[in-house]
Amino acid sequence: MSEPTSDAVEATAEPTAAAEPDAAVDVRDAESDAERDLRFETDAMPLLDQLYGAALRMTRNPADAEDLVQETFAKAYAAFHQYRPGTNLKAWLYRILTNSFINSYRKKQREPLQSNADDIEDWQEHRAASHSSTGLRSAEAEALDLIGDDVVKEALAQLPDDFRMAVYLADVEGFAYKEIAEIMDTPIGTVMSRLHRGRGQLRKLLADHARDLGLVRGA
Amino acid sequence: MMSDDSCRCDEALDRLEAFLDSEVEPFDADRLRAHLSECVSCFGEAEVEQRIRALLRRSCCEVAPETLRLRVRTEITVIRARTQGV
């Protein structure tokens, strides 16, 4: 694997911080290489499991997921001097992961799942209506808890990449719309559209599954 | 946007996703919350949405294989050696 350079990390806009760190005090100014290495070990390495989980959902393939995570951490380490301490490290890492996925893996996939152009106006009109048309009646919400992990992951895997990523970032990692927009490098409106459509598709898949299992009364 | 303060079903459903994502301003969030406490149908809708999110969190929890962790550490060591001349 060729050595990643800091150039390879897309010039990341600083991830939005809830509170801007004191501009006069930047840990990076006075720290040694060893101290920065320790900071990476302490702050970034613990996120490996989460990034692996995200990589699995993106690549839908454990071997590719491992490669993606390795590439991500290597790039992150090489560019760690660019990360401003006190800002959102998780978002910064996810940006690298997402970029790496789009640049390295999506092109290689045999059957990349693409979504249609994001029709923002369309979905805003049908927003309220679509919820009632998925067929999963509220009273049967309990049936969802009976659905196994594998089924959920399989359903997620059926979503187009962009929808799946947005749903994962919002629902599993709890990123805000603005953070997701930065991570996926798209406008917030597009994020909301992908979330709405992705969640809608997912809900329908799960409802169909619950119905097939006889967990809910068939429509 | 509403002429009176109370929130009706169409508005609640329209903003439910954003509300559950904590992306609604406090004033409207309070109105929505009040509506959900009074409206069985919208409350049920919110419940389904939340259960699906909980399902995703539960199902997508992964632990990276030790071999991956080792590969990452090894590569970092190599990069360190090259860049720091250690």
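An account of the accompanying structure is given in this report. Just so we're clear, the structure is a prediction, and the values are computed from it rather than from any experiment. (Residues numbered from 1 in each chain as written. Chains lettered and ligands numbered in written order. Predicted model: local features only at pLDDT ≥ 70, side-chain atom pairs only at ≥ 80, totals over all residues. Heavy atoms only, no water.)

1. Comments concerning the overall build of chain B
This is how the line gets drawn: To qualify as a helix, a DSSP run of H or I must reach at least 4 residues; to qualify as a strand, a run of E must reach at least 2; elements of each kind are numbered from the N terminus. The reference for a compact globule is 2.2 Å times residues^0.38; the radius of gyration itself is calculated from the C-alpha atoms. Each residue gets one of three labels from its accessible area relative to the maximum for its type: buried under 20%, exposed over 50%, partly exposed in between, using a 1.4 Å probe on protein chains only.
Within chain B, the regular secondary structure consists of four helices and zero strands. Taken over the C-alpha trace, chain B has a radius of gyration of 23 Å; the compact-globule value for 86 residues is 12 Å, which it surpasses by more than 25%. Along the three orthogonal principal directions, the C-alpha set of chain B runs to about 70 × 25 × 15 Å. Split into buried and exposed, the 86 residues of chain B put 45% on the buried side.

2. With respect to the environment of Ile-180 of chain A
Residue and element names in this part refer to chain A. Operational definition: Contacts were defined at the residue level, with two residues in contact if any of their heavy atoms lie within 4.5 Å.
Position of Ile-180 among the secondary structure elements: in helix 10 (residues 177-184). Between the C-alpha atoms of Ile-180 and Ile-96, which are 84 residues apart in sequence, the distance is 13 Å. Discounting residues that sit within four places of it in the chain, Ile-180 has contacts with Ala-166, Leu-169, Ala-170, Phe-175, Asp-185 and Val-191.

3. Topic: the pattern of salt bridges
Residues and elements named next belong to chain B. The line we're drawing: Salt bridges are counted wherever a side-chain nitrogen of Lys or Arg sits within 4 Å of a carboxyl oxygen of Asp or Glu.
Applying the stated criterion to the full structure yields 34 salt bridges over all chains. We note a salt bridge from Asp-28 to Arg-15, for which the minimum N-O separation is 2.9 Å. Linking Asp-28 in helix 2 (residues 26-38) with Arg-15 in helix 1 (residues 9-20), this pair joins segments that are 13 residues apart in sequence. Under the relative-accessibility criterion, Arg-15 is labelled partly exposed at 21%.

4. Let's talk about empty space enclosed by the protein
All names here are of chain A. As a reminder, the rule being used: Cavities and pockets were defined on a 1 Å grid built from protein atoms only: a cavity is a group of points that admits a 1.4 Å probe but offers it no way out, a pocket is an open group of points flanked by protein on both sides within 12 Å along at least five of seven lines, and a lining residue is one with an atom within 4 Å of any such point. Grid points are joined across faces, edges and corners, and a volume is the space filled by probe spheres set on the points. For this classification, the nonpolar set comprises Ala, Val, Leu, Ile, Met, Phe, Trp, Tyr, Cys and Pro, the charged set comprises Asp, Glu, Lys and Arg, and every other residue, Gly included, is treated as polar.
Summed over all chains, the structure comprises one cavity of 30 Å³ or more. Space inside the largest cavity adds up to approximately 40 Å³. If you trace the largest cavity, you find it lined by Ala-54, Arg-57, Met-58, Arg-164, Met-165, Tyr-168 and Leu-169. Those elements that provide at least two residues to the lining of the largest cavity are helix 3 (48-59) and helix 9 (161-172). The residue inventory of the lining of the largest cavity, partitioned by class, reads five nonpolar, no polar and two charged.

5. A short note on the interface of chain A and chain B
This is how the line gets drawn: When two components associate, each loses some accessible surface as probed by a 1.4 Å sphere; the sum of these losses over both components is called the buried area. Each polar contact in these results corresponds to two N or O atoms within 3.5 Å; when the atoms are within protein, one needs to be able to donate a hydrogen and the other to accept it, and residues that are neighboring in sequence are counted only if both atoms are side-chain atoms.
The partner chain B presents 38 residues to the 49 residues of chain A that form the contact. With both sides pooled, the region where chain A packs onto chain B buries about 4,300 Å², and carbon together with sulfur makes up 54% of that total. The salt bridge partner of Asp-171 of chain A is Arg-53 of chain B, with a shortest N-O separation of 3.9 Å. Between chain A and chain B we count 23 residue pairs in polar contact (both at pLDDT 80 or more) in total. For the side of chain A that touches chain B, the elements supplying multiple residues, two or more each, are helix 2 (33-44), helix 3, helix 4 (62-78), helix 6 (120-132), helix 7 (141-144), helix 8 (149-157), helix 9 and helix 11 (188-212) of chain A. Looking at the side of chain A that touches chain B, the element that brings in the most residues is helix 4 of chain A, giving seven residues. When its residues are assigned to classes, the side of chain A that touches chain B shows 26 nonpolar, seven polar and 16 charged.

6. Notes on the environment of Asp-10 of chain B
All names here are of chain B. Its place among the elements puts Asp-10 in helix 1. Taking the relative accessible area as the measure of exposure, Asp-10 reaches 45% and is therefore partly exposed. Placed 64 residues apart in sequence, Asp-10 and Thr-74 show a C-alpha to C-alpha distance of 55 Å.

7. Notes on unusual backbone geometry
We note that Asp-185 of chain A has phi near 55°; this positive angle belongs to a residue other than glycine. Relative to the helices and strands, Asp-185 of chain A is located in the loop between helix 10 and helix 11. In this structure, Ser-22 of chain B is a non-glycine residue whose phi angle is positive, near 60°. Assignment of secondary structure puts Ser-22 of chain B in the loop between helix 1 and helix 2. Judged by relative accessible area, Ser-22 of chain B falls into the exposed class, the value being 64%.

8. Observations concerning helix 10 of chain A
Among the eight residues in helix 10 of chain A, six count as buried, and that is most of the element. Taken residue by residue, helix 10 of chain A has Tyr-177, Glu-179, Ile-180, Ala-181, Ile-183 and Met-184 of chain A as its buried positions. On the buried face of helix 10 of chain A, the contacting elements are helix 5 (89-105), helix 9 and helix 11 of chain A together with helix 1 of chain B. Phi turns positive one or two residues past the end of helix 10 of chain A, at Asp-185 of chain A, with a value near 55°.

9. Quick notes on the nonpolar core
Just so we agree on the cut-off: In plain words, nonpolar cores are sets of buried Ala, Val, Leu, Ile, Met, Phe, Trp, Tyr and Cys residues tied together by side-chain atoms within 4.5 Å.
Counting residues in hydrophobic clusters, the biggest one holds 80 residues, and the most contacted among them are Phe-40, Trp-92, Tyr-94 and Leu-206 of chain A. It is helix 5 of chain A that provides the largest number of residues to this core, a total of nine residues. If near-sequence neighbours (up to four positions away) are discounted, Phe-40 of chain A is found in contact with Met-45, Phe-73, Ala-76, Tyr-77 and Phe-80 of chain A together with Ile-76 of chain B.

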